[in-house]
Amino acid sequence: MTNLCVVLGNGPSLKGFDFTRLAGVASLGMNAAYRYWDEIDWYPSYYACLDDQMIESHHNQIYRLWNEDRIERFFVHRSFFTYHPDCICAPGFYSLDQVLPHWYKKRGQGQGWQDLSQHPAFMTSDASKITTGAFAARFAAYLGHDKLALMGIDLKYVEIIKEAEKTEGVGLVMRETPKENPNYFFDSYQQAGDKYNIPNPDAHNNKLHIQSFHLISADFATFGQQTQIVNANPKSLLEVEKVFPLEPIDTVLAPHKMAAIVVPTNRFEIKAILANFDIWASKKYAPLLPGDRDNRTALVFMFNNDSAKQHEAEIRARFDATNMARFFSGIAFEYLGLEDDLDKYERDYTKKVGDHGYKSGPNNQFFRTMYKAESLGRYVFQMETDCVPLRAGWLSELRDHVAAEPDFWVLGSAYHGQEELSLSFKDHINGNAIYAVGDAGFQDFVKTFWEPRTHAMVKGTDKRLAYDCILEKVFTEEKDTDPAVAEVIEQHGDMFRFTEYMLNISGKCDLTDLSPDYEARLLSQYKPAYILHNRTAQERVALNIPKYTAKAGLSKMESNTLPRLLIIDMTAMGNGTATGEIKSNLFKEWPANRLLQVGSPIPEELSLVRGTFEGGYKETRCDADTIYTAILGFAPDMILYRPLPERPKLHALALSVIKELDLPLVTWIMDDWPTRLFAEDNETFHKIDPSFKALLKQSALRLSICDAMSNAFAKRYGLTFKAYANGVDLSVWPMPKAHTGKSLVVRYAGGLAPDMNAASIQRVANAVQELADQGQDIRFEINTQSWWIEESGDLFKGLSATTLTANKRSFDDYTAWLSEADALVIAYNFDEASLRYVRYSMANKLPEYLGSGVPILVHGPQDVATIDYVMQHKTAQVVDVPEIEALKAVLMDLSDASLRQKLADAGRALAQERHDLPTLASDLAQTFSDICPNYTSATFGLYLATADGDFAPESSDLATGSAELAKVDGGALVYPDPVAVIAAAMQQGQDGTQTLEDWQSQATDYLALYRKMRETLQLMEHSHAAPEVTDAVVPEVMTEPLKGNDPLYYALASLLFQKNPVAQRTLAELRASGMVPDKDYADVDLSAAVTHAQTRMKASTAGQGIGASSSVSLLQEQVIQLQATAEIYYQDAEKMRMGGGAGSGYMQTQVEVLQLELDQLYKSKSWRVTEPLRGLRRLAGSLKGKR
Amino acid sequence: MNRFPLHLFGMDQSSLLGHVLHIGAGLCDALPDYLAAGSDAVMLVEPDPDTALILRAQTTAYPHVSVRENAVSANTEKQLLHRFSFANLNSLRTPIGLMNLFPGLDSFGQHPVQVLDPADFVRALNLPDTANHMLVLEAPGEAMGILQALDAAGLLDGFRYLRICEGREALYEGATPLADIRTWLATRFFDKDSVYDESDPGQPVLSLTYNLLATQKVQYENKISAIQTALTDAKAQIETHQQENVRLQKENAGIAVQLEDLLDNRPATKPITPNKALLKKDQ
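Residues numbered from 1 in each chain as written. Chains lettered and ligands numbered in written order. Predicted model: local features only at pLDDT ≥ 70, side-chain atom pairs only at ≥ 80, totals over all residues. Heavy atoms only, no water.

1. Comments concerning the overall build of chain A
Phase 1: Counting its secondary structure elements, chain A contains 43 helices and 37 strands.
Phase 2: When each of the 1187 residues of chain A is scored for burial, the buried share is 55%.
Phase 3: Long-range pairs, those at least 24 residues apart, make up 72% of the contacts in chain A between residues at least 6 apart in sequence.
Phase 4: Here chain A has roughly 50500 Å² of accessible surface; of this, 50% comes from carbon and sulfur atoms. (Helix = DSSP H or I, 4+ residues; strand = E, 2+ residues; numbered from the N terminus. Buried < 20%, exposed > 50% of the residue type's maximum accessible area, 1.4 Å probe, protein only. Contact = heavy atoms within 4.5 Å. Areas by Shrake-Rupley, 256 points an atom, 1.4 Å probe, with all protein chains shown as cover.)

Right, dumping it as structure tokens:
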């Protein structure tokens, strides 16, 4: 569910707003509004006051609010703490000094506050634009709210009202209490003596407030803060300047009329339930439309009795695994207690049954469902497991449909099938319908009319009857004889309505032999239809939909532990180009907060590309300074670079970043541009080639686009390449059509580049034209971009059988357009210039074509890798000579429907086997993780025990988890080795001291919990010293191997750790308290550190000019120092081992020596001394220096 | 042991603390609180040499804080300190139940330490009578011995506040569980503000305040009792005197009767002529 926070300004637009409407919603209020809250006895969840003048007037009242526990969290200006020092670092308090880098270093750090200045919610490109309103919104975003609704932020101040007078600087004081205050929603907001600052001082051109909100939009995009902000105030300046989208507060807060999907079911339908999750998880049948994040509808399973309880965990697990929480607020289970005669569903009417009838189960289940659902909300959709969506967005539509419909009791489907129903209920509303369970009148109707008459009619008239038909039967047969029935029809007849939202086609004869295009025909016949009630259709979709498997794709945990990836590539992910799409496809599962791209949309411009809420990508053009800042803020673990000659500015930036960050590098070549450059621009080639080869050599991994390219490049560069090409996710593609008939619609989607494919596509068009002229039913449809029509459109003039369009299609329309074709074309030119470029290319669209269920016609020379590939796998008709007659012959062959079907099936099988996108993405993620030694996954975690004796796969937060412990059979507390954590952090350029403080803070909390609950908790260390976990039952995280730390950083981290005796003692207690089969903890391995430093020294020497010599000599000097220190260390260790009397005191002296050395390194202002060892710290400085 | 909770003793930051004697100070998390409470002097005693070294380094800025590298025990014979990977658990005694609580604990062997006699040590501190002193004991296994030694020397009630960390069960040979220490301390008037901190139920911490009123009450009760005894004695004496008086009166009455009889029955006698010479002498 959206984690909403309503941020309340105090502008006059808020007058008359009923604050109690915010019950159950997080809210943030600010400044002097507490005067009003006190009056109405309502308080927000959070409070902010960042105006030092206001703090002077209100600090005691803020303190009172805290003392009275009125508000959970306070975000205040530092001056508050001069009055109330007991609140410094007190739980619930946050200081402005925590969030601004300058003030954090100057003051916040000294007071012991946690550093929040690097949190993306607070990172800003202009630290002068600080207002309570804007930073309150940032604060709410920091607290994790993913949607903010701004209310009462009018930003239309009367700067100095007549009752106010100036004090010092921009300060004001209220001389007398205004009778009417135009700036606020209640007149007594400001009172005599109140101090405050001028809202919009001259220094900011009187636009401080609006600028501060503009800045939020820009900063969040730049720094990757994923928070949606809407303005709920149409009167605000925010709306005038369109800073945030407008969404009325009524919409923001509106509860759904559509409260829940209720599924009446039993234990024999578990398979169908799980299959439905798979179906709903596919893009084609997703409950919500793309971009619709409203997941407030619940999903409730109404089981007939307790016999299904054993399956609850399995259903919950699949609900989680298929990420149904995207669509539903949660999952719930009700067990209706139906047994024996009350739970019959007997289809053999020759058998004898009691008074409850053959369908007592469904009938009773329906009525109990209606009663149980009363508390869920206004309306529920009863959706049996044999209902299947006809298209995506069915829940979005259901919600809108119900919202738009005048009040009703039952809204459902007539019977649309082929059976002849009895006249008495041929017009019944099928049970899969929407019911007004929250309507007291409907509940009374069910209780006093529907249920008793159902039982009476089953007992007295026909034991076969079901509740839905009975209602119609009663209405039609008894309306003239029974006044009560007549009265119901008279008074409530219009509360029972039909809709074509769902289609009931579930008669016996409707369940056999559905045609392949059955659903498509339904959709063309019933435009509003979204749901089909038909078991056969449901089973067919379930059969064809990709099944959930535990290993498919990236699990949430896996994705959260992926390296932070910086991509440098000119084409933005998801921008519609082939190279943009391949990245967006293969990195689709990569969490947005662990992925940053630097792009270059045109030669002299740079851009940042980040993921958006809707799952797409947003490209923002920005200057190099912003790019550097963003990269530093992002703190990547590794870099993926696609070098290209046509973006020199991007290339220069890439070389600089790669050099300075010194992170694992992956290079990716998708076309053989070096060969083309060599032939076409020899001078540039020779300018670029050395640095290009150096990059390849430096790369930890080199990617190509296909095996042919890998092999060719391996020969050319003497280095290995691994092929990754585009893939296709069949779960989001339409069902393949059945190929019938002789007529041919041939389609091509893509570019018409003269130096790649235009001539060959023209040849295909000519062949089609000749066949058409000969009377064949054939046409060729090309969809391309407008610029290709401009450039190559003339090639197709006069070819009446070919149409050329530049339609932009949605993904669904695009996939449908391809899937409905009879043949799809891939073509390459035969000339040498084209071949130079495409010889080793793999057509980006090939996987999609293969998966579309349409045969492919490939036309081009055999030595193009794509053509060779499809020929090897026999999945396409290939014409590898530039001859129209050959093309005509193959096209004639394709008029054979059986051949088309055979090729289509083979192509789809190949797509599934070798181009499955989730598999490729998962494989790529694993490959990247493997080459990224910076990353360590050791973290704190509380893992609750599960009923099957294992542990939950994911960690619970400490507060929630400790509360849950009482309900489960224990749990495990996992803590990381602090030295490894510090080493990893330092490698990534983070502050080791801060990391240690964070570790200490968390360790203290974990230890406190463990001490209290020793009997129920296991304590274990996740570190290099962790035990081999082969037999013992341990949380899954313990089985994950940890990456090795850089020995040098590990040594430095050890020294840092030695400086903190409190942390040492905490670790000692953790280790003494916990599970320690193997106590061989990793010590300061100075020998390894020295070796590592030497290796780096050699690496530095290699390939560097004279300028590097001084750096190298210093590195040598450093190595010598480390060796000397290591010798002392080992001598000392030897004395310890021999039982020397000096003991630990002697050791302490040596540790102090090491500490001293570390201190010198940190304190030194000489780049000479610090250069070899300070890694990314140095980088940050040097990058900043360049800007 | 967690930070020192002033409020448990009814104190706040403005309360003034006299001397603090912390035996088994470890890294002394509570030092900032001792300082904040305005303590006149803080004596930290820590037997572990490494920890004592760190303590000294941390406290050099505070002239009224002293660190001594010693153990304190009622048993002043030469002893060895059992050292462990978690130094807070170091003890002069052999661990018995400790490994149940700390299964991963490593022993670092035994090391000789200089042991101070509790009474001698405290006496040498010359604690002024007028201030509120505090004794903190984090000497695993030694708490009861130290307290009894101080009590025997009449020094225990020199402390106003006690804070003691010891095992709920005996974790070391011969150690007294904390509940038993509490019971015993109640007999010594340390029964005010008695609070268990069970953040670590295996090793709870007991905070107590010397019950000055209870002490005074007992003193007054003793005085009253003495007075009452004296009164009873006096009453008994009066009774005795009264009885003697009655007896004497009776005896007197008998003598009077006898005298009367004698007078009544006396033979007639010749009046005596006063001897003037004798009368003069008598005068």
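2. Points about the overall build of chain B
Phase 1: The helix and strand inventory of chain B stands at eight helices and 11 strands.
Phase 2: Within chain B, the proportion of its 283 residues that are buried is 41%.
Phase 3: Put simply, 64% of the contacts in chain B that link residues at least 6 apart link residues at least 24 apart.
Phase 4: Of the roughly 15600 Å² that chain B leaves accessible, carbon and sulfur atoms contribute 54%.

3. Some thoughts on unusual backbone geometry
Phase 1: Not every positive phi belongs to a glycine, and A:Asp69 is a case in point at roughly 60 degrees.
Phase 2: Within the secondary structure layout, A:Asp69 lies in the loop between α2 (52–67) and β4 (73–76).
Phase 3: Positioned with a positive phi, B:Asn126 is a non-glycine residue whose angle comes to about 50 degrees.
Phase 4: Within the secondary structure layout, B:Asn126 lies in the loop between α4 (118–125) and β8 (133–137).

4. Some points on the interface of chain A and chain B
Phase 1: Between chain A and chain B, the residue contacts involve 18 residues of the former and 21 residues of the latter.
Phase 2: Counting each side, the surface lost to burial between chain A and chain B is near 1600 Å², with a carbon and sulfur contribution of 54%.
Phase 3: The largest per-residue losses of area from chain A upon contact with chain B belong to A:Arg1014, A:Arg1065 and A:Ala1072, which jointly make up 35% of the total buried on that side.
Phase 4: For the interface between chain A and chain B, the tally reads two salt bridges.
Phase 5: Linking A:Arg1014 and B:Asp200 is a salt bridge whose minimum nitrogen-to-oxygen distance equals 2.4 Å.
Phase 6: Across the contact surface, chain A and chain B share four residue pairs in polar contact (both at pLDDT 80 or more).
Phase 7: At eight residues, the largest contribution of residues to the side of chain A that touches chain B is made by helix α38 (residues 1061–1073) of chain A.
Phase 8: Here the side of chain A that touches chain B is built from residues that sort into six nonpolar, five polar and seven charged. (Buried area = accessible area lost by both parts, 1.4 Å probe. Salt bridge = Lys/Arg side-chain N within 4 Å of Asp/Glu carboxyl O. Polar contact = N/O pair within 3.5 Å; in protein donor to acceptor, adjacent residues only side chain to side chain. Nonpolar A, V, L, I, M, F, W, Y, C, P; charged D, E, K, R; others polar.)

5. Notes on the nonpolar core
Nonpolar side chains in soluble globular proteins tend to end up buried together.
Phase 1: In this structure, A:Leu566, A:Phe587, A:Phe780 and A:Phe928 are the most contacted members of the largest nonpolar core, which totals 125 residues.
Phase 2: By size, the runner-up hydrophobic cluster in this structure holds 92 residues, among which are A:Leu288, A:Phe366, A:Val474 and A:Tyr530. (Core = buried A, V, L, I, M, F, W, Y, C linked by side-chain atoms within 4.5 Å.)

6. Examining the pattern of salt bridges
All names here are of chain A.
Phase 1: On inspection of all chains with the given rule, the structure shows 60 salt bridges over all chains.
Phase 2: Its salt-bridge partner being Glu 247, residue Lys 147 comes within 3.0 Å of it at the nearest N-O pair. In this pair, Lys 147 is assigned in strand β6 (residues 147–151) and Glu 247 in the loop between α7 (237–240) and α8 (249–253), connecting sequence segments 100 residues apart.
Phase 3: Residue classification places Lys 147 among the buried positions, given a relative accessible area of 11%.
Phase 4: Taking the shortest distance from any N to any O, the salt bridge between Arg 1071 and Glu 1021 comes out at 2.7 Å. Linking Arg 1071 in helix α38 with Glu 1021 in strand β37 (residues 1017–1022), this pair joins segments that are 50 residues apart in sequence.
Phase 5: Linked through salt bridges whose partners overlap, the residues forming this network are Asp 38, Asp 41, Arg 64, Glu 68 and Arg 70.

7. Some words on helix α27 (residues 811–819) of chain A
Phase 1: Among the residues of α27(A), A:Thr815, A:Trp817, A:Leu818 and A:Ser819 are the ones counted as buried.
Phase 2: Looking at the buried side of α27(A), the elements it contacts are β29 (744–749), β30 (778–783), β32 (823–827) and α29 (846–851) of chain A.

8. Observations concerning the packing of helix α25 (residues 758–773) of chain A against helix α31 (residues 884–894) of chain A
Residues and elements named next belong to chain A.
Phase 1: Two elements in contact, α25 and α31, have axes whose closest approach is 9 Å; the angle formed by their N-to-C orientations is 65 degrees. Note that α25 runs across α31; the crossing there is right-handed. Residues Arg 763, Val 764, Asn 766, Ala 767, Val 768, Glu 770 and Leu 771 of α25 touch α31, and the partners they reach there are Ile 884, Glu 885, Leu 887, Lys 888, Leu 891 and Met 892.
Phase 2: Residue classes in the contact of α25 with α31 are distributed as eight nonpolar, one polar and four charged. (Axes fitted to C-alpha atoms, helices over the stretch in contact; angles between N-to-C directions. Left-handed = near helix turned anticlockwise from the far one by under 90°.)

9. What to know about the sheet that holds strand β9 (residues 195–197) of chain A
Strand pairs in the sheet, formed through backbone hydrogen bonds, run parallel or antiparallel to each other.
All names here are of chain A.
Phase 1: Reading across from one edge, β7-β8-β9 is the order of the three strands in this open sheet, with antiparallel pairing throughout. Strands at the two margins of the open sheet, each flanked by one partner only, are β7 (164–166) and β9. Looking at each pair of strands side by side, their axes are set apart by 35 degrees on average, direction ignored.
Phase 2: Relative to β9, strand β8 (residues 171–174) runs antiparallel, the two being bridged by three bridges. Paired with Val 173 across the two strands is Lys 195, which belongs to β9.
Phase 3: Running over the sheet, α2 touches β8 and β9 and is turned about 160 degrees from β9. (Pairing = 2+ DSSP bridges.)

10. Thoughts on the packing of helix α21 (residues 648–661) of chain A against helix α23 (residues 682–698) of chain A
Residues and elements named next belong to chain A.
Phase 1: Contact geometry of α21 with α23 gives a least axis separation of 12 Å together with a crossing angle of 40 degrees. When the interaxial angle is binned, α21 and α23 end up oblique. Along this stretch, α21 crosses α23, giving a crossing that reads as left-handed. The segment α21 lies against α23, with His 651, Leu 655 and Ile 658 engaging Ser 691, Leu 695 and Gln 698. (Parallel < 35°, antiparallel > 145°, perpendicular 65-115°, else oblique.)

11. Quick look at the packing of aromatic side chains
Residue and element names in this part refer to chain A.
Phase 1: Scanning the model with the defined rule gives 73 aromatic pairs over all chains in all.
Phase 2: A ring pair is formed by Tyr 47 and Phe 74, whose centres lie 6.0 Å apart and whose planes are at 55 degrees; its orientation type is tilted. Of the two residues, Tyr 47 sits in strand β3 (residues 46–49) while Phe 74 sits in strand β4, which places them 27 residues apart along the sequence. The same class applies to Tyr 47 and to Phe 74, which are both buried.
Phase 3: Ring geometry for Tyr 349 and Tyr 358: centres 4.9 Å apart, planes at 70 degrees, overall edge-to-face.
Phase 4: The ring of Tyr 837 carries the charged tip of Arg 676 above its face, separated from the ring centre by 3.5 Å. (Phe/Tyr/Trp six-rings, centres within 6.5 Å; stacked < 30°, edge-to-face > 60°. Lys NZ or Arg CZ within 6 Å of the ring centre and 35° of its normal.)

12. Details of the pairing of strand β12 (residues 298–303) of chain A
Residues and elements named next belong to chain A.
Phase 1: Taking burial as the measure, the six residues of β12 include six buried ones, the bulk of the element.
Phase 2: Across six bridges, strand β11 (residues 258–265) lies against β12 in parallel orientation. Bridge pairing in β12 places Ala 260 opposite Ala 298.
Phase 3: Since β12 and strand β13 (residues 331–335) lie parallel, the crossover through helix α10 (residues 312–321) that links them has a hand, and here it is right-handed. (Right-handed = clockwise from strand over helix to strand, strands pointing away.)

13. Some thoughts on the pairing of β11(A)
Residue and element names in this part refer to chain A.
Phase 1: Burial within β11 is extensive, with eight of its eight residues counted as buried.
Phase 2: Across four bridges, β11 lies against strand β14 (residues 379–382) in parallel orientation. By the bridge assignment for β14, Met 258 is matched with Tyr 379.

14. Overview of the confidence of the model for chain B
Phase 1: On average, residues of chain B score 86 in pLDDT, and 89% of them reach the 70 mark or higher.
Phase 2: Confidence estimates for the predicted assembly give a pTM of 0.43 and an ipTM of 0.78. (pLDDT = per-residue confidence, 0-100.)

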